[in-house]
Amino acid sequence: MTTAATDGGAAVPHAVELEIGGMTCASCAARIEKKLNRMDGVSATVNYATEKAKVAYGDDIAVGDLIATVEATGYTAALPAPPLTAPAGPDSGTGGPGSASGPAADPELTTLRQRLTTAVLLAVPVIALSMIPALQFDNWQWLALTLASPVVVYAGWPFHRAAWTNLRHGAATMDTLVSVGTLAAYGWSLWALFFGDAGMTGMKDSFSFTVSRGGGSGNIYLEAAAGVTAFILAGRYFEARAKRKAGAALRALLELGARDVAVLRDGREVRIPVGELAVGDRFVVRPGEKIATDGVVREGGSAVDASMLTGESVPVEVGPGSRVTGATVNAGGRIVVEAERIGADTQLARMARLVEDAQNGKAAAQRLADRISAVFVPTVIVLALGTLAVWLLAGEGATAAFTAAVSVLIIACPCALGLATPTALMVGTGRGAQLGILIKGPEVLESTRTVDTVVLDKTGTVTTGSMTLAAVHVHDGLEGAEEKTALRLAGALEDASEHPIARAVAAGAREAVGELPPVADFENVPGLGVRGVVEGHDVLVGREALLRAHGLGLPPGLAEAKADAEARGGTAVAVGWDGRARAVLVVSDAVKPTSAEAVRRLRRLGLRPVLLTGDNAAVAAAVAAEVGIDADDVFAEVLPEDKVAVVRRLQGEGRSVAMVGDGVNDAAALAQADLGLAMGTGTDAAIEAGDLTLVRGDLRVAADAIRLARRTLGTIKSNLFWAFGYNVAALPLAAAGLLNPMIAGAAMAFSSVFVVANSLRLRGFKALAE
């Protein structure tokens, strides 16, 4: 899929993602990337682990040109196929795993497994015969040749085919090393058997962990040729399986959506594929079914389970006017939803896109590894020839020289370098998606390591972002001034108003006393409040000035309650009826129940929390005290355009700043911060500006996000340390004759498997936000 856009009339490059086939190591990815980037106006990143190329190109380039360049390099390229969907059926509305989710469904993996099985079954007897003199009956070497030939030719065919393809294009990759090494060992054995002394009856051989000295005509290396092929095939097979596991979270995310949907047409339910759903359509969701797309509930009430999308285990109650997200499950009653977003615009599609973009990215350390891989194979071939020459010149004999050179060829595979970053990114970002944490790219990981200050926007981040009824104070000395009476009368009057504070009072009253009575003679007094008649009572609700204007003064107890509420950052609403002031209702933007715990967790991560708000100092101080933020770390009465200045000021003090926000007015500050964390419950602008998106509105997830990002970065670094360390240590050992070729093959295969297995440990990451 390609895109193009304009910004103020300037053309923005098109972007396309290509699926690349035929890559077998990081050197392949580096070659393709180099060829694409040589095209005018093209910028490409090729990821070996995901087997995809992300390409930006100008108007004078066509996708066909990009594909042709990849094919000219010796590989295949194609536009990604649309996600597979299961056929519609009675249960299709509930979704389910796609048929392609298991490793066995991959034909490439199946073929690899068949070749590996052949290699193992035939190579084991060859190795046993070669290593154990007691098993070496007369002419055993000819049986070994018979068994080893299919291993080298059939099982090892992918290596030889790739090596030949690369040779035709003037290149060398890991397959070149394996092919040359195994064919050299096999060819030497053929020469020794047919033209040397190795084919004679009674010939004996033995195995050594190091290079053996002696004449070459009596030595065969069939166990090395067969064993190396089997070991490297095993490494590649388990690597391929592990790579599929690493990408399983993204595949599961893509498969979450419903397959079909019951749309209301002329009062009837018509079941259609989800792809035919249009914005504005109303559709029915029954208990247990998945919600087909993002929308607004128009009829009915239910509880929605969003755990598979956000990681939040507690179902959320919804009713008319509530927004719901596609792929979440209706856990309660029947609801009718009006579609707001479809296709690529839904939250599920955007999440998948963010995760995939992150997996296709490369960290700075990986770019260094790619540059090394690009020149590594030719260097190793030169080193192997040098090893052969040095051993021959030293008079150690052809056998020793040949064995050392083959060991160098086989042990020097750069696969572990190519897998170090992408596999950890795949698993880390996939696990994050399962927990409702979206990491935009590998560069984000470096930022999480350095941040020491976290700026928290108050409204919508630390607090709920909406006014709620927090407290009710009544004057005990007045007859009939009990709480329920005050709530019923004030709630009924406020229910006729559209003011946010009025809506909060009405909602709190309805929750406490049930249905509210009707209102007569309703009047809105601009800037002061409302008045009207409820159940025969002349009721006033609003500022204290409104009551005073009607001759109603607050008794001392209520005046004290009002002053205390305002000191704590709340809004006091005075209530009077029948000529007396009888109650004070306190409305506030309530602090989220999890915010205090979130601040404690952020502190445990070594971060200094800072509160940022446009509210007055009293409100800010009250919220900071409630969640555990120091008074010196509160910035109050900050205008939206000044939030960036606060972040810059902290950075100017030498701090590395993370910013958590959710509103349009937070977008610039999120972009300015060293690390931006956008609440997924917020605006699109904030989410686009953030580096990490927290799908849930729970601030505790911010701590989990930083923990996961740091854990992923740590895994990448340990992978790279192993990969670099392995090659640095192994090459001198091989050149010095301290490694038999078969041992070298096993060690090389293990290095790749180790890196992938280490990355898979991230699948066990546990979120603390529950």
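Quick notes on the rules
- Each chain has its residues counted from 1, running along the sequence as written.
- Totals for whole chains, interfaces and linings use every residue, but because this is a predicted model, local features are given only for residues with pLDDT of at least 70 and side-chain atom pairs only at 80 or more, for both listing and counting.
- To obtain the side-chain values, all non-hydrogen atoms of the structure were used and water was disregarded.
- By nonpolar core is meant a set of buried Ala, Val, Leu, Ile, Met, Phe, Trp, Tyr and Cys residues that side-chain atoms within 4.5 Å join together.
- Burial classes follow relative accessibility: with a 1.4 Å probe on protein chains only, a residue under 20% of its type's maximum area counts as buried, one over 50% as exposed, and anything between as partly exposed.
- Helical segments are the DSSP runs of H or I of at least four residues, strand segments are the runs of E of at least two, and each set is numbered from the N terminus.
- Whether two residues touch is decided by their heavy atoms; if any such pair falls within 4.5 Å, the residues are in contact.
- Pairs were defined over the aromatic rings of Phe, Tyr and Trp, the Trp ring being its six-membered one, requiring ring centres within 6.5 Å. Orientation was assigned from the angle between planes: stacked under 30 degrees, edge-to-face over 60, tilted for the rest.
- Each ring is checked for a lysine NZ or an arginine CZ that lies within 6 Å of its centre and within 35 degrees of its normal; such an atom marks a charge sitting over the ring.
- Following DSSP output, two strands are said to pair if at least two bridges run between them.
- By definition, no residue in a patch forms a salt bridge, and every one has over 30% relative accessible area; like charges are joined within 9 Å, nonpolar side chains (Val, Leu, Ile, Met, Phe, Trp, Tyr) within 5 Å.
- What sets the accessible areas is the Shrake-Rupley method with a 1.4 Å probe; for residues, cover comes only from the shown protein chains.
- Salt bridge criterion: a side-chain nitrogen from Lys or Arg within 4 Å of a carboxyl oxygen from Asp or Glu.
- In this tally, Asp and Glu contribute negative charge and Lys and Arg positive charge; neither His nor the terminal groups of the chain are included.
- In this description, the location of a charge corresponds to atom NZ of lysine, CZ of arginine, CG of aspartate or CD of glutamate.
- In the analysis that follows, any N or O atom pair within 3.5 Å is treated as a polar contact, provided that within protein one partner can donate a hydrogen and the other can accept it, and provided that, for residues neighboring in sequence, both atoms belong to side chains.
- The arc in question is the one traced by the directions running from the helix axis out to the C-beta atoms.
- UniProt positions are given in the numbering used here, feature names are shortened, and annotations may be inferred rather than shown by experiment.
- Every angle, taken between N-to-C directions, lies between 0 and 180 degrees, and every axis is a line fitted to C-alpha atoms, over only the stretch in contact when it is a helix.
- Working rule for angles: under 35 degrees goes down as roughly parallel, over 145 as roughly antiparallel, 65 to 115 as roughly perpendicular, anything else as oblique.
- Each crossing gets its hand from how the near helix is turned against the far one by less than a right angle, where anticlockwise is left-handed and clockwise is right-handed.

### Digging into the nonpolar core
- If you look at the biggest cluster of nonpolar residues, it comprises 51 residues, and the most contacted ones within it are Leu456, Val462, Ile629, Leu675, Leu677 and Leu692.
- The element that contributes the greatest number of residues to this core is helix 25 (residues 700-735), accounting for ten residues.
- Not counting chain neighbours up to four residues away, the residues in contact with valine 462 comprise Leu456, Asp457, Val591, Lys592, Ser595, Leu611, Val623, Val627 and Leu699.
- Ranked by size, the runner-up nonpolar core spans 39 residues in total, among them Leu116, Leu193, Ala230 and Phe402.

### Structural notes on the packing of aromatic side chains
- Going through the model one piece at a time under the given rule, you end up with three aromatic pairs.
- Ring geometry for tryptophan 142 and phenylalanine 194: centres 5.3 Å apart, planes at 75 degrees, overall edge-to-face. Here tryptophan 142, found in helix 4 (residues 140-155), pairs with phenylalanine 194, found in helix 6 (residues 174-195); they are 52 residues apart in sequence, far enough to count as distant.
- Overall, the relative accessible area of 29% leaves tryptophan 142 in the partly exposed class.
- Against the face of tyrosine 154 rests arginine 115, its NZ or CZ located 4.7 Å from the ring centre.

### Concerning the sheet that holds strand 13 (residues 329-330)
- Spatially, the three strands line up as an open sheet ordered 11-10-13, and their pairing is antiparallel. At either margin of the open sheet sits one strand with a lone partner, and together these are strand 11 (316-318) and strand 13.
- Examined bridge by bridge, strand 10 (residues 302-305) and strand 13 share two bridges and lie antiparallel to one another. Residue valine 304 lies in a different strand from strand 13, and its bridge partner there is asparagine 330.

### Things to note about a negative patch on the surface
- Judged by side-chain charge, Asp40, Asp59, Asp60 and Asp65 come together as a negatively charged surface patch.
- Structurally, the position occupied by aspartate 40 is in the loop between helix 1 (26-37) and strand 3 (43-47).
- You can call aspartate 40 exposed: its relative accessible area is 61%.

### So, the side chain of asparagine 330
- Looking at where asparagine 330 falls in the secondary structure, it is placed in strand 13.
- A residue is classified by how much of its surface remains accessible, and asparagine 330, at 0% relative accessible area, is buried.
- Reaching out from asparagine 330, the side chain makes a polar contact with the backbone oxygen of valine 285 at a distance of 3.0 Å.
- Among all residues touching asparagine 330, those that are not within four sequence positions of it are Val285, Arg286, Pro287, Gly288, Glu289, Ser302, Ala303 and Ile335.

### Let's talk about the pattern of salt bridges
- Counted under the stated rule, the structure contains 26 salt bridges.
- In this structure, the salt-bridge partner of glutamate 535 is arginine 488, at a minimum N-O distance of 3.3 Å. Taken together, the residues span a long stretch of sequence, with glutamate 535 in the loop between strand 19 (529-534) and strand 20 (537-542) and arginine 488 in helix 16 (residues 483-494) at a distance of 47 residues.
- Under the relative-accessibility criterion, glutamate 535 is labelled partly exposed at 46%.
- A relative accessible area of 25% means that arginine 488 is categorised as partly exposed.
- The partner of arginine 649 in a salt bridge is glutamate 653, and the shortest N-O contact between them spans 3.8 Å.
- For glutamate 653, a relative accessible area of 45% translates into the label partly exposed.
- When salt bridges with common partners are traced through the structure, they connect Glu597, Arg600, Arg601 and Arg604 into a single cluster.

### Re helix 2 (residues 63-72)
- Inspection of helix 2 places Val63, Leu66, Ile67, Thr69 and Val70 among the buried residues, and these make up the whole buried set. For helix 2, the angular spread of buried residues about the axis comes to 155 degrees, placing them on one side.
- A positive phi of about 105 degrees marks glycine 74, the residue just after helix 2.

### Focus: the UniProt feature "transmembrane region" (unreviewed entry) in the protein
- In the numbering adopted here, UniProt assigns the feature "transmembrane region" (unreviewed entry) to residues 116-134, 140-157, 177-200, 220-238, 372-394, 400-421, 720-736 and 742-760.
- Strand forms 0% of residues 177-200 and helix 79%; the C-alpha atoms that close the span are 31 Å apart.
- The distance separating the terminal C-alpha atoms of residues 720-736 is 25 Å; by composition the span is 94% helix and 0% strand.

### Here we look at the packing of helix 20 (residues 595-604) against helix 25
- Two numbers describe how helix 20 lies on helix 25: the axes approach to 7 Å, and their chain directions differ by 25 degrees. Relative to helix 25, the element helix 20 lies roughly parallel. Every pair of crossing elements has a handedness; the one defined by helix 20 and helix 25 is left-handed. Residues Glu597, Ala598, Arg601 and Leu602 of helix 20 pack against Arg700, Ala702, Ala703 and Ile706 of helix 25.

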